[in-house]
Amino acid sequence: MTDLPETTERKLGLVIDLDICVGCHACVTACKGWNTENYGAPLADDDAYGEEPVGAFLNRVHSFEVTPESGPAQLVHFPRSCLHCDDAPCVTVCPTGASWKRAEDGIVLVNEDECIGCGLCAWACPYGAREMDPSAQVMKKCTLCVDRIDNENLDPIDREPACVRTCPTGARHFGDLGDPESAVSQLVEERGGMDLMPEQGTKPVNKYLPPRPKDEEIDVLAPLLAPVADEPRGFLGWLDKALERMG
Amino acid sequence: MKPAASLLAFTTLSGLGLGLLVFLSLGLPPVSGWGAFAFFAISFLLAGGGLSISALHLGRPERALKAFREWRTSWLSREAWASVTALGLTGLYALPLLFDGPRLWPIGILAAAACIATVMCTGSIYAALRAVPRWHHWSTPAMFVAYAVTGGALLAGQVTMAMALLAATGIAQFLAWRTGDARVARRFGTRNTATGLHGHVRLFERPHTGENYVTEEMVFVVARKHATKLRSIALVLAFALPLVLLALPFSHLLGVAAVLSHAAGVVVARWLFFAEAEHVVGLYYGR
């Protein structure tokens, strides 16, 4: 059924902190790993060790250079994946009902056994979040790791999407964005979380936290200041002295 | 968007075939017997062949029948229903004619309507995509229908009507390109709306060094350099040249030349339809 649910009980999604992300691509690797070894067709690669490798990924990290009106340019790392939109255009275009949005938590999923691989949903998505698997020829997309978040065989700490669990800087948060009291909703409120391409009218559930404003002025004399800790102390101090004594 | 050969063949052939069926179903020309056999065979080959080629575009063509399921929301599913209805009704209308039987007018009128509805559904698949501002407009299905009816009139040998339609569709295509350009300039987001970042945003590094499904399907930029030249070629081949050929004293040879020129022009125009359509995901790839 490709009608969108009127409302969903919960709105599970991600909050991505552009201030913290360092662009390490660990989320990309963790996502590819989990979604290759678990639910659904494995995320295949074509010509993986050849001249033109192409593969399906559910998460990609772009890097943008942002030059404000005044002040130095900044580098912003920008993870891009399915936003689990409330008004998901990818779902309604599906001719077979393979694409659907789960009424209980709002996760947008693909039933791979019903997918004919027409690619229309990928065309309908403004965010490029869907990729056709080069081997299975069915559409792949972020599932918010449905096979982790509901999985009672996993430790409670692991019951979150692989990308969130792996992020070494804590730039990714997972929770119910439909509940204004949830930690993620509070974070969005506090930091001014934003929608991507609001003009597309997709009402994304995932939110992005903008980079915090940087200090306006940089002290040009800072490099000339005396180092604070010149002499090593503790173990390093002992090692230093011991090595000195050895001649 | 990538102009896949299967989509070009499908939309061009099925458009011509269904256009011809519109005229045959309305008794233009009033064929019967062997004449009916020849005309209906050509139109079914074009329409049915085109529609079956569309299955080649699928990743899993063996599951194609599942596409009939979601007609409530999906134009692709509606197109499947409309095409089966159109071919069924025209078949029902053609059958007695092959044996010099009666002309079933009510079925003919319904069949013509179903053929036009099928082409409208094809156009609406593209028009429904908000992520492609050049397509997201009522003129997209309207132009698909205009092309089909024009090609149909040519194939059906309706010289006067074909000349009028060639002129009208040619002008409409010119206007559609102009308004499409304006719409893209107005409706296409910016890298600022795509990323939510303020200031001048420039792609510093792509997420991957090679291509991926998204860049190959939706970030197709080859056409943009020669767009103006290709538009002129399409207008000349599809409309101007057939008009001149039809205006000359009638001969079957000139008629065939007009049809071939028109078909070649439609292929160029259809190639541009896909190749020129910019998808907003390009904003994330610095395009």
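All figures in this text were calculated on a predicted structure; none of them were measured in a lab.

Quick notes on the rules
Residues numbered from 1 in each chain as written. Chains lettered and ligands numbered in written order. Predicted model: local features only at pLDDT ≥ 70, side-chain atom pairs only at ≥ 80, totals over all residues. Heavy atoms only, no water. UniProt positions renumbered as here; feature names shortened; annotations may be inferred. Helix = DSSP H or I, 4+ residues; strand = E, 2+ residues; numbered from the N terminus. Salt bridge = Lys/Arg side-chain N within 4 Å of Asp/Glu carboxyl O. Buried < 20%, exposed > 50% of the residue type's maximum accessible area, 1.4 Å probe, protein only. Core = buried A, V, L, I, M, F, W, Y, C linked by side-chain atoms within 4.5 Å. Contact = heavy atoms within 4.5 Å. Phe/Tyr/Trp six-rings, centres within 6.5 Å; stacked < 30°, edge-to-face > 60°. Lys NZ or Arg CZ within 6 Å of the ring centre and 35° of its normal. Buried area = accessible area lost by both parts, 1.4 Å probe. Polar contact = N/O pair within 3.5 Å; in protein donor to acceptor, adjacent residues only side chain to side chain.

Our next topic: the UniProt feature "transmembrane region" (unreviewed entry) in chain B. Residue and element names in this part refer to chain B. In the UniProt entry, the feature "transmembrane region" (unreviewed entry) is given for residues 37-59, 80-99, 105-128, 135-155, 161-177 and 230-248. For residues 105-128, helix accounts for 96% and strand for 0%, while the C-alpha atoms at its two ends are 34 Å apart. Each end of residues 230-248 is marked by a C-alpha atom, and these two atoms are 26 Å apart; helix forms 95% of the span and strand 0%.

The subject of this paragraph is the pattern of salt bridges. Using the criterion set out here, one finds 24 salt bridges over all chains in the structure. Across the pair A:Arg191 and A:Asp17 runs a salt bridge whose closest N-O atoms are separated by 2.9 Å. One end of the pair, A:Arg191, is in helix H6 (residues 183-191); the other, A:Asp17, is in strand E1 (residues 12-17), with 174 residues separating them in the sequence. We note that A:Arg191, like A:Asp17, is buried. Between A:Asp45 and A:Lys32 there is a salt bridge; the shortest N-O distance is 2.9 Å. Of the two residues, A:Asp45 is situated in strand E2 (residues 45-46) and A:Lys32 in helix H1 (residues 26-37); the sequence distance between them amounts to 13 residues. Given a relative accessible area of 37%, A:Asp45 falls into the partly exposed group. Classification of A:Lys32 by relative accessible area gives buried; the value is 11%. It is possible to trace a salt-bridge network through shared partners that takes in B:Arg134, B:Asp181, B:Arg231, B:Glu276 and B:Glu278.

The next thing to look at is the nonpolar core. Counting residues in each nonpolar core, the largest one holds 126 residues, and the members touching the most others are A:Trp123, B:Phe40, B:Trp135 and B:Tyr284. Once residues within four sequence positions are removed from consideration, B:Phe40 is found in contact with B:Leu21, B:Leu24, B:Val31, B:Thr90, B:Tyr93, B:Ala94 and B:Leu97. Counting seven residues, the second largest nonpolar core, distinct from the first, contains A:Leu177, A:Val184, A:Val188 and A:Val205.

Another point: the packing of aromatic side chains. One pair of aromatic rings is described through two measures. These are the centre distance and the angle between the planes. As enumerated under the stated definition, the model contains 20 aromatic pairs over all chains in all. When the ring of A:Trp123 is compared with that of B:Trp135, the centres are 5.8 Å apart and the planes differ by 45°; the resulting orientation is tilted. Of this pair, A:Trp123 sits in helix H3 (residues 120-124) while B:Trp135 sits in the loop between helix H4 (105-127) and helix H5 (139-155), each in a different chain. One exposure class covers both A:Trp123 and B:Trp135, and it is buried. An aromatic cluster is built from A:Trp123, B:Tyr126, B:Trp135, B:Phe144, B:Phe273 and B:Phe274, whose rings are joined through pairwise contacts. Over the face of the ring belonging to A:Phe57 we find A:Lys32, whose NZ or CZ atom lies 4.0 Å from the ring centre. Stacked on the ring of B:Trp71, the Lys or Arg B:Arg72 has its end atom at 5.9 Å from the ring centre.

As a further point, take the interface of chain B and chain A. One widely used convention gives an interface's size as the accessible area the parts lose upon coming together. At the junction of the two partners, chain B supplies 54 residues and chain A supplies 57 residues. Each partner contributes to the roughly 4600 Å² buried at the junction of chain B and chain A, and carbon and sulfur atoms together form 59% of this total. The largest contributions to the chain B side of the interface with chain A come from B:Leu197, B:Tyr213 and B:Tyr284, which together make up 14% of the buried area. Between the two partners, chain B and chain A, sit three salt bridges. Of the charged contacts in the structure, one is a salt bridge between A:Glu114 and B:Lys66, with a shortest N-O distance of 3.3 Å. Applying the counting rule to chain B against chain A returns 26 residue pairs in polar contact (both at pLDDT 80 or more). Of all the elements in the fold, those that place two or more residues in the side of chain B that touches chain A are helix H3 (75-98), H4, helix H7 (191-195), strand E1 (200-205) and helix H8 (213-218) of chain B.

A word on unusual backbone geometry. The omega angle of the peptide bond from B:Leu28 to B:Pro29 is -5°, so this bond is cis rather than trans. Relative to the assigned elements, B:Pro29 resides in the loop between helix H1 (5-25) and helix H2 (33-54). Phi at A:Cys145 is positive, roughly 50°, even though this residue is not glycine. The phi angle at B:Asp100 is positive, at roughly 55°, despite the residue not being glycine. Note that B:Asp100 resides in the loop between H3 and H4.

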